[in-house]
Amino acid sequence: MENGDINSNKRIVEELFRKYYKVLRAYAYRLLGDKDMAEDIVQDAYYELWKKQEQLIMQDAIKSYLFRSVYTKSLNCLNSKEYTEQESFEQSTEGKIQKMYIQSQLLDQESDLMYKELQTAINTIIDGLPDQCKKVFILSRKYELKNREIAERLDISLKTVEKHITKALFILRSNLKDSTGILLLPFFL
């Protein structure tokens, strides 16, 4: 969120609330299986967003922040002694199986979110490549054409195709170097 007057920030948080509240509540409910607890967790996440509004800059960062916050709060809730005492199913075999299932679902959802964020970052970098380099790279990776086919299609030399692909990969690696997604980069390229 940008620095601005309190009314502007309030309006932005209200828009974010309308946009993501139901999805976040459903996400928390799937994690916890408790409607009231899910609502409390999502409201806490928005309250923390309001307190940290000056630190968050981009809409995508805010969305990630909200999902991460709900995820963390849900895990904390599942692991808290107070919650386990209220819910006796934790003591039963069925409860343990259910908890393992929930944890595996959380990991899957977190992986999906990380995949989408990494894919968005890669697409943004590819969109910023010089036109010819971008064409060559997309034909190579998206359409899986061989270098020779790309050279014929674009009427350029095979060496030029190789240089464009090398350049695109260098730019991608350089821009994603500090990202945790770099470990997944070979799967996308």
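Predicted model, so just to flag it, every value in this text is computed and none were measured.

K.L.:
I'm lost on the confidence of the model for the protein chain in this one. Help?
P.N.:
In low-pLDDT regions, the fine details of the predicted coordinates are not to be read closely. Taken over all residues, the pLDDT of the protein chain has a mean of 77, while the share at 70 or more is 71%. No element of the protein chain has a lower mean pLDDT than helix H9 (residues 185-188), which averages 45, and none a higher one than helix H7 (residues 147-154), which averages 94. Low pLDDT, under 50, characterises residues 180-189; the predicted model gives this stretch 17 contacts beyond four residues in sequence or across chains.

K.L.:
I would appreciate a short explanation of the environment of Tyr20 in the present structure.
P.N.:
Along the chain, Tyr20 turns up in helix H1 (residues 6-32). The exposure class of Tyr20 is buried, given its relative accessible area of 8%. As a C-alpha pair, Tyr20 and Val42 span 22 residues in sequence and 9.7 Å in three-dimensional space.

K.L.:
Is there a simple way to think about the packing of aromatic side chains in this case?
P.N.:
Aromatic ring pairs are defined here through the distance separating the ring centres and the angle between the ring planes. Per the stated rule, a full pass over the model turns up three aromatic pairs. Taken together, a centroid distance of 5.0 Å and an interplanar angle of 65° make the contact between Phe17 and Tyr46 edge-to-face. With Phe17 in helix H1 and Tyr46 in helix H2 (residues 35-51), the pair connects residues that are 29 residues apart, well separated along the chain. The class of Phe17 is partly exposed, set by a relative accessible area of 34%. Residue Tyr46 is classed as buried on the basis of its relative accessible area, which comes to 5%. Taken together, the aromatic side chains of Phe17, Tyr21 and Tyr46 make up a single cluster linked through ring pairs.

K.L.:
In this structure, what is going on with helix H8 (residues 158-176)? I would like to understand it.
P.N.:
Note: α-helices contain 3.6 residues per turn, so residues at a spacing of three or four share the same orientation. Taking 1.5 Å per residue as the helical rise, H8 with its 19 residues ought to reach 27 Å, and the 27 Å between its terminal C-alpha atoms agrees with that figure. Here H8 has its buried residues at Val161, His164, Ile165, Ala168, Leu169, Leu172 and Leu176. Looking down the long axis of H8, one finds its buried residues gathered within 130° of arc, a one-sided arrangement. Of the exposed residues in H8, the ones pointing more than 90 degrees away from its buried face are Lys159, Lys163, Thr166 and Phe170.

K.L.:
Teacher, can you tell me more about the side chain of Lys73 here?
P.N.:
With respect to the element layout, Lys73 can be found in helix H3 (residues 59-79). Not counting residues within four places of it along the chain, the set of residues in contact with Lys73 comprises Ile41, Asp44, Ala45 and Glu48.

K.L.:
Quick question: what am I supposed to make of the pattern of salt bridges here?
P.N.:
Pairs may arise between side chains of opposite charge once their charged atoms sit close together. Counting across every chain of the model gives two salt bridges. Here Lys73 makes a salt bridge to Glu48, at a shortest N to O gap of 2.6 Å. Of this pair, Lys73 sits in helix H3 while Glu48 sits in helix H2, placing them 25 residues apart in sequence. Given the relative accessible area of 23%, Glu48 is considered partly exposed. When the shortest N-O distance is used, the salt bridge between Asp127 and Lys134 registers 3.8 Å.

K.L.:
What is the right way to read the environment of Asn147 from this model?
P.N.:
Relative to the helices and strands, Asn147 is located in helix H7. Residues Asn147 and Ile165, 18 residues apart in the sequence, show an inter-C-alpha distance of 9.2 Å. Aside from chain neighbours lying at most four places away, what touches Asn147 is Leu158, Val161, Glu162 and Ile165.

K.L.:
Sorry, what's going on with the packing of helix H6 (residues 131-141) against H8 here?
P.N.:
Between two packed helices, both the angle of their axes relative to each other and the distance between the axes serve to describe the pair. Relative orientation of the contacting elements H6 and H8 amounts to 90°, with a least axis distance of 9 Å. For the element pair H6 / H8, the angle class is roughly perpendicular. On H8, the residues touching Gln132, Cys133, Val136, Phe137, Ser140 and Arg141 of H6 are Val161, His164, Ile165, Lys167, Ala168, Leu169 and Leu172. Per-class residue counts for the contact of H6 with H8 are eight nonpolar, three polar and two charged.

Reading the values: rules and limits
Residues numbered from 1 in each chain as written. Predicted model: local features only at pLDDT ≥ 70, side-chain atom pairs only at ≥ 80, totals over all residues. Heavy atoms only, no water. pLDDT = per-residue confidence, 0-100. Helix = DSSP H or I, 4+ residues; strand = E, 2+ residues; numbered from the N terminus. Contact = heavy atoms within 4.5 Å. Buried < 20%, exposed > 50% of the residue type's maximum accessible area, 1.4 Å probe, protein only. Phe/Tyr/Trp six-rings, centres within 6.5 Å; stacked < 30°, edge-to-face > 60°. Expected span 1.5 Å × (residues − 1). Arc of directions from axis to C-beta. Salt bridge = Lys/Arg side-chain N within 4 Å of Asp/Glu carboxyl O. Axes fitted to C-alpha atoms, helices over the stretch in contact; angles between N-to-C directions. Parallel < 35°, antiparallel > 145°, perpendicular 65-115°, else oblique. Nonpolar A, V, L, I, M, F, W, Y, C, P; charged D, E, K, R; others polar.

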